[in-house]
Amino acid sequence: MHSTDSLFQLNAEWQNAQQLQFPDALEPWLLCQGSLTALLKSHCQTFRLELVAEHWQRLPDYLQQQWQQAVGLKRDVILWCDGKPCVYAQSWLPESTLEQMEPLARLGAQPLGEYIFQHVSLERGVIEVALLESGLVLPVVGEQNELWARRSVFSVQQQPLLVQEIFLPGVLEL
């Protein structure tokens, strides 16, 4: 059983979404440039964000190198549509970003996307996609053999943050 911390790094080969073949049904979700929260809400009657975990910890090595910072806030959430878990999302917010944008540290059950997409300064980096394979054990949906995930680094007011999303089987039922 893997901890949720390792879910996104699990042997994942992150690749530019433009260079990858993935199921057609997932294309609008994986390539969505706007707010994934807004897209999900447009496909369901009831939307709910479940905060799974939120705590300070050491940033993964590649983020430490990229951002020249050691610690940040890691936030894990599940996005529910009509009672189905659809997306397992994880965000990493370095300390400097939270100092500049303090409301990000107090989102609670408010979706991160809803907050950051209000900012005119928002810039999205390349969308990278990975196929996470075999034996992933996720909260709520249990063991999954194959799940697609994506990640992007965003910049809001020149402050970086990383958002990673795993698409759960429920998203294909929307």
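Everything below is about the structure printed above this text.
Keep in mind that what you see is a predicted model, and the values were worked out from it rather than measured. (Residues numbered from 1 in each chain as written. Predicted model: local features only at pLDDT ≥ 70, side-chain atom pairs only at ≥ 80, totals over all residues. Heavy atoms only, no water.)

### What about the overall build of the protein chain?
And then number 1: Check the secondary structure of the protein chain and you find six helices and eight strands.
And then number 2: Walking the protein chain from its N terminus toward its C terminus, one meets helices and strands in the order α-β-α-α-β-α-β-β-α-α-β-β-β-β.
And then number 3: Computed over its C-alpha atoms, the radius of gyration of the protein chain comes to 15 Å, within 12% of the 16 Å expected for a compact globule of 174 residues.
And then number 4: With the C-alpha coordinates of the protein chain rotated into their principal frame, the extents come out at 40 × 35 × 30 Å.
And then number 5: By residue count, 50% of the 174 residues in the protein chain fall in the buried class.
And then number 6: The contacts of the protein chain with a sequence gap of at least 6 include a subset with a gap of at least 24, amounting to 64%. (Helix = DSSP H or I, 4+ residues; strand = E, 2+ residues; numbered from the N terminus. Rg over C-alpha atoms; globule rule 2.2 N^0.38 Å. Buried < 20%, exposed > 50% of the residue type's maximum accessible area, 1.4 Å probe, protein only. Contact = heavy atoms within 4.5 Å.)

### Describing empty space enclosed by the protein
And then number 1: Under the definition given, this model contains one cavity of 30 Å³ or more.
And then number 2: Lining the largest cavity are 21 residues, and of these Thr37, Leu112, Gly113, Val163 and Glu165 sit closest to its centre.
And then number 3: For the lining of the largest cavity, the elements supplying multiple residues, two or more each, are α3 (36-41), β3 (71-81), β4 (84-94), α6 (112-116), β7 (142-156) and β8 (159-167).
And then number 4: Taken together, the residues of the lining of the largest cavity sort by class into eleven nonpolar, six polar and four charged. (1 Å grid on protein atoms, 1.4 Å probe; cavity = no way out; pocket = protein on both sides within 12 Å on 5 of 7 lines; lining within 4 Å. Points joined across faces, edges and corners; volume = space filled by probe spheres on them. Nonpolar A, V, L, I, M, F, W, Y, C, P; charged D, E, K, R; others polar.)

### Notes on the pattern of salt bridges
And then number 1: Throughout the structure, instances matching the rule amount to seven salt bridges.
And then number 2: Taking the shortest distance from any N to any O, the salt bridge between Glu114 and Lys41 comes out at 2.3 Å. Taken together, the residues span a long stretch of sequence, with Glu114 in helix α6 and Lys41 in helix α3 at a distance of 73 residues.
And then number 3: Given a relative accessible area of 36%, Lys41 falls into the partly exposed group. (Salt bridge = Lys/Arg side-chain N within 4 Å of Asp/Glu carboxyl O.)

### Focus: the environment of Leu131
And then number 1: Residue placement: Leu131 occurs in strand β6 (residues 128-138).
And then number 2: Owing to a relative accessible area of 25%, Leu131 belongs among the partly exposed residues under this scheme.
And then number 3: If we skip the residues at most four places from it in the chain, Leu131 touches Glu146, Leu147 and Trp148.

### So, the nonpolar core
And then number 1: Leu40, Val87, Val129 and Phe167 are the most contacted members of the largest nonpolar core, which has 21 residues in total.
And then number 2: Contributions of two or more residues to this core are made by α2 (27-30), α3, β3 and β4.
And then number 3: Counting residues in each nonpolar core, the second largest holds 14 residues, with Leu98, Met101, Phe154 and Leu161 among its members. (Core = buried A, V, L, I, M, F, W, Y, C linked by side-chain atoms within 4.5 Å.)

### Some points on the packing of aromatic side chains
And then number 1: Counted according to the given criterion, the structure contains two aromatic pairs.
And then number 2: Both rings, one in Phe22 and one in Trp148, keep their centres 5.9 Å apart while their planes meet at 70°; by these two values the pair is edge-to-face. In this pair, Phe22 sits in the loop between β1 (15-16) and α2 while Trp148 sits in strand β7, placing the two residues 126 residues apart along the sequence.
And then number 3: According to the relative accessible area criterion, Trp148 is buried, its value standing at 12%.
And then number 4: Relative to Phe154, the ring of Phe117 lies with its centre 5.9 Å away and its plane at 80°, an arrangement referred to as edge-to-face. Here Phe117 is found in the loop between α6 and β5 (123-124), whereas its partner Phe154 is found in strand β7, with 37 residues between them in sequence.
And then number 5: Lying across the ring of Trp80, Arg48 places its NZ or CZ 4.8 Å from the centre. (Phe/Tyr/Trp six-rings, centres within 6.5 Å; stacked < 30°, edge-to-face > 60°. Lys NZ or Arg CZ within 6 Å of the ring centre and 35° of its normal.)

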